[in-house]
Amino acid sequence: FNGAQPHNEVRAMPLGMVRRFFNTYGGRLPSFLLEWTLQSLIAWIDGPLGLLLRRLLYTTFIHHTKGRFFIWPGVSLQHSYGLSIGRDTCINTGAVIDARGGLWIGDHVLIGPNVVIVSSTHDISSSPIISAAHILKPTIIGDDVWIGANAVIMGGVSLATGCVIGAGAIVTKPTDRFGVYVG
């Protein structure tokens, strides 16, 4: 900022950024638009009807489902074509899940409110950062994992079977079986 006054100049989006978007997602654009539209219509429907509608929607768009799963109101699933989800998994209100790099969620997993799980990151070596390419980082969540409220699971991490991730934890490295991780 350095004391300069902001101005209202409108700048065009860099052509390279638009080109990269269409090269990466162009073939999936109709599916994206349909999924985003339907998700926005049913994301906040409460009760058994909402659970049923979200299950029907995501069974259509998720890459692979193994059995019943529960997605509570207000969950944001992005790039669900990269998501595989196990049986009896519960994703709580406000969770944000981006599966563009591949995300495998095991059986009997509890994902708490406002959890963020990503499977990619930005290439920080390029500038400007807004037009940086995504680096895909497949993420794996084993069976019987509990992820507490407001935790963040970074791309490329593997959460081993039976581990517990405490509320507010930021996980950047693989975990051990039945370990407890907080902080």
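Just so it is clear, the model here is predicted, and its values are computed rather than measured. (Residues numbered from 1 in each chain as written. Predicted model: local features only at pLDDT ≥ 70, side-chain atom pairs only at ≥ 80, totals over all residues. Heavy atoms only, no water.)

1. Digging into the pattern of salt bridges
Step number 1: Summed over the entire model, instances satisfying the criterion amount to 4 salt bridges.
Step number 2: Aspartate 107 serves as the salt-bridge partner of lysine 66, at 3.1 Å between the closest nitrogen and oxygen. You can see lysine 66 sitting in the loop between strand 1 (64-65) and strand 2 (69-71) and its partner aspartate 107 sitting in the loop between strand 7 (103-105) and strand 8 (110-111), a full 41 residues away along the chain.
Step number 3: Here arginine 68 makes a salt bridge to aspartate 88, at a shortest N to O gap of 2.5 Å. Of the two residues, arginine 68 is situated in the loop between strand 1 and strand 2 and aspartate 88 in the loop between strand 4 (83-85) and strand 5 (89-91); the sequence distance between them amounts to 20 residues.
Step number 4: Each of Lys66, Arg87 and Asp107 takes part in a single network of salt bridges with overlapping partners. (Salt bridge = Lys/Arg side-chain N within 4 Å of Asp/Glu carboxyl O. Helix = DSSP H or I, 4+ residues; strand = E, 2+ residues; numbered from the N terminus.)

2. Considerations on the sheet that holds strand 7
Step number 1: Taken together, 5 strands build an open sheet; the order of strands is 1-4-7-12-15 and the sheet is parallel. Looking along the sheet, the strands with just one partner apiece sit at the ends: strand 1 and strand 15 (158-159).
Step number 2: In terms of strand pairing, strand 7 meets strand 12 (residues 139-141) through 3 bridges, oriented parallel. Directly across from isoleucine 105, in strand 12, lies its bridge partner isoleucine 141. (Pairing = 2+ DSSP bridges.)

3. Remarks on a nonpolar patch on the surface
Step number 1: A surface patch of nonpolar side chains, amounting to about 280 Å² of accessible area, comprises Leu34, Leu38 and Leu41.
Step number 2: By secondary structure assignment, the location of leucine 41 is in helix 2 (residues 29-42).
Step number 3: Judged by its relative accessible area of 60%, leucine 41 is exposed. (Patch = residues over 30% accessible without salt bridge, like charges linked within 9 Å, V, L, I, M, F, W, Y side chains within 5 Å. Areas by Shrake-Rupley, 256 points an atom, 1.4 Å probe, with all protein chains shown as cover. Buried < 20%, exposed > 50% of the residue type's maximum accessible area, 1.4 Å probe, protein only.)

4. Looking at the packing of aromatic side chains
What describes a pair of aromatic rings is the distance from one ring centre to the other and the angle between the planes of the rings.
Step number 1: For the structure on display, the rule yields 0 aromatic pairs.
Step number 2: Over the face of the ring belonging to phenylalanine 69 we find arginine 55, whose NZ or CZ atom lies 5.3 Å from the ring centre. (Phe/Tyr/Trp six-rings, centres within 6.5 Å; stacked < 30°, edge-to-face > 60°. Lys NZ or Arg CZ within 6 Å of the ring centre and 35° of its normal.)

5. Concerning the side chain of aspartate 107
Step number 1: With a relative accessible area of 8%, aspartate 107 lands in the buried category.
Step number 2: Excluding residues that lie within four positions of it along the chain, aspartate 107 makes contacts with Lys66, Gly86, Arg87, Thr89, Asp143 and Asp144. (Contact = heavy atoms within 4.5 Å.)

6. Thoughts on the environment of glycine 112
Step number 1: Along the chain, glycine 112 turns up in the loop between strand 8 and strand 9 (116-118).
Step number 2: Taking relative accessible area as the criterion, glycine 112 reaches 8% and is therefore assigned buried.
Step number 3: For the pair glycine 112 and threonine 93, spaced 19 residues apart in the sequence, the C-alpha separation amounts to 7.5 Å.
Step number 4: Those residues in contact with glycine 112 that sit more than four places away from it in its chain are Asn92, Ala95, Ile147, Gly148 and Ala149.

7. Describing the sheet that holds strand 18 (residues 180-181)
Step number 1: Read from one edge of the open sheet, 6 strands run 2-5-8-13-16-18, paired in parallel fashion. Edge positions in the sheet fall to strand 2 and strand 18, since each has one partner strand and no second.

8. Overview of the nonpolar core
Step number 1: Core analysis: the biggest nonpolar cluster contains 32 residues, and Ile111, Ile117, Ile141, Ile147, Leu159 and Ile165 have the highest contact counts within it.
Step number 2: Of all the secondary structure elements, the ones that give two or more residues to this core are helix 3 (47-61), strand 2, strand 4 and strand 7.
Step number 3: Counting residues per element, this core draws most heavily on helix 3, which supplies 3 residues.
Step number 4: With residues up to four places along the chain from it excluded, the contact list for isoleucine 165 reads Trp146, Ile147, Gly148, Ala151, Ile153, Leu159, Val171, Thr175 and Tyr181. (Core = buried A, V, L, I, M, F, W, Y, C linked by side-chain atoms within 4.5 Å.)

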